[in-house]
Amino acid sequence: MARTAKPRRICAEPKIIEFSPGSTTSEASVNLTIDEFEALRLIDHLGLTQEESALQMNVARTTVQSIYDNARKKIADAIVNGKTLKIYGGSYRVCDNSAKCCGKNCKEHKCRHHMCHGGEKKCHSCHKRP
């Protein structure tokens, strides 16, 4: 029996949850989970490494790699085949500090690694006080 997926920590749920091609009436769609969206946001949009993203999402680096690979395949399928991309579901929880830190490049903590620190005021990667 497979193990239950550990909830991935995300900064916030996406504001836009559906993209559709303008030139087709296809009813086919692809589901991108919210944790897959978060991996794409952290790696491609914010430029974090897989290791930094894994710390942010509170999972192993290999898990982030798998989530990220699945997300890219789904987006490619949607674009190449003219399918609607819907963002919902997955195993995730919203970070307790998202209002202060996550998604805002840690302006509160001045950490160059964009990490969410919980109650700690130091960076998980460099272990220095910001």
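Treat the numbers as computed from the prediction; the structure is a model and nothing was measured. (Residues numbered from 1 in each chain as written. Predicted model: local features only at pLDDT ≥ 70, side-chain atom pairs only at ≥ 80, totals over all residues. Heavy atoms only, no water.)

Trainee: Could you give an account of helix α3 (residues 61-81), naming the residues involved and the relevant values?
Mentor: For α3, built from 21 residues, the straight-helix expectation of 30 Å at 1.5 Å per residue is met to within 8% by its first-to-last C-alpha distance of 30 Å. All of the buried residues along α3 are Val64, Ile67, Tyr68, Ala71 and Ala78. An end-on view of α3 places all buried positions within 100° of arc, on one side of the element. Opposite its buried face, α3 presents the exposed residues Lys73 and Val80, each directed more than 90 degrees away. Of the surrounding elements, those touching the buried residues of α3 are β1 (8-10), β3 (29-32), α1 (34-45), α2 (50-57) and β4 (84-87). Two residues or fewer past α3, glycine 82 is found with a positive phi of approximately 65°. (Helix = DSSP H or I, 4+ residues; strand = E, 2+ residues; numbered from the N terminus. Expected span 1.5 Å × (residues − 1). Buried < 20%, exposed > 50% of the residue type's maximum accessible area, 1.4 Å probe, protein only. Arc of directions from axis to C-beta. Contact = heavy atoms within 4.5 Å.)

Trainee: Summarise the nonpolar core; cite the residues concerned and give the values.
Mentor: Counting residues in each nonpolar core, the largest one holds 19 residues, and the members touching the most others are Leu32, Ala39, Leu40, Met57, Val64, Tyr68 and Leu85. Contact partners of leucine 40, with chain neighbours within four places excluded, come to Leu32, His45, Tyr68, Ala71, Arg72 and Ile75. (Core = buried A, V, L, I, M, F, W, Y, C linked by side-chain atoms within 4.5 Å.)

Trainee: Talk me through the confidence of the model for the protein; I want residue IDs and the actual numbers.
Mentor: Confidence in the prediction of the protein, expressed as mean pLDDT, is 80, and 73% of residues score 70 or more. In the model, residues 104-110 has pLDDT below 50 throughout and makes 19 contacts with residues more than four positions away in sequence or in other chains. In the model, residues 117-130 has pLDDT below 50 throughout and makes 30 contacts with residues more than four positions away in sequence or in other chains. (pLDDT = per-residue confidence, 0-100.)

Trainee: Kindly report on the environment of tyrosine 68, identifying the contributing residues and their values.
Mentor: Its location among the elements puts tyrosine 68 in helix α3. If sequence neighbours within four positions are ignored, tyrosine 68 has contacts with Ala39, Leu40, Ile43, Asp44 and Gln50.

Trainee: Break down the pairing of β3 for me, with residues and values.
Mentor: The alternating pattern of β3 places Val30 and Leu32 on a buried face, while none of Ser29 and Asn31, on the opposite face, is buried. Pairing geometry for β3 and β4, over four bridges, is parallel. Across the sheet, the residue bridging to serine 29 is threonine 84, located in β4. (Pairing = 2+ DSSP bridges.)

Trainee: So what about the packing of α2 against α3? Which residues, and what values?
Mentor: Two elements in contact, α2 and α3, have axes separated by 8 Å at closest approach and are oriented at 100°. By the angle between their axes, α2 is roughly perpendicular relative to α3. Counting all contacts with α2, which are made through Gln50, Glu51, Ser53, Ala54 and Met57, the residues of α3 involved are Arg61, Val64, Gln65, Ile67 and Tyr68. Across the contact of α2 with α3, the residue classes tally to five nonpolar, three polar and two charged. (Axes fitted to C-alpha atoms, helices over the stretch in contact; angles between N-to-C directions. Parallel < 35°, antiparallel > 145°, perpendicular 65-115°, else oblique. Nonpolar A, V, L, I, M, F, W, Y, C, P; charged D, E, K, R; others polar.)

Trainee: Talk me through the side chain of aspartate 35; I want residue IDs and the actual numbers.
Mentor: Note that aspartate 35 resides in helix α1. Assessed through its relative accessible area of 5%, aspartate 35 is described here as buried. Here the side chain of aspartate 35 touches threonine 33 through a polar contact of 2.6 Å, side chain to side chain. Residue contacts for aspartate 35: discarding those within four places in its chain leaves Arg8, Ile10, Met57, Ile67, Gly89, Gly90 and Ser91. (Polar contact = N/O pair within 3.5 Å; in protein donor to acceptor, adjacent residues only side chain to side chain.)

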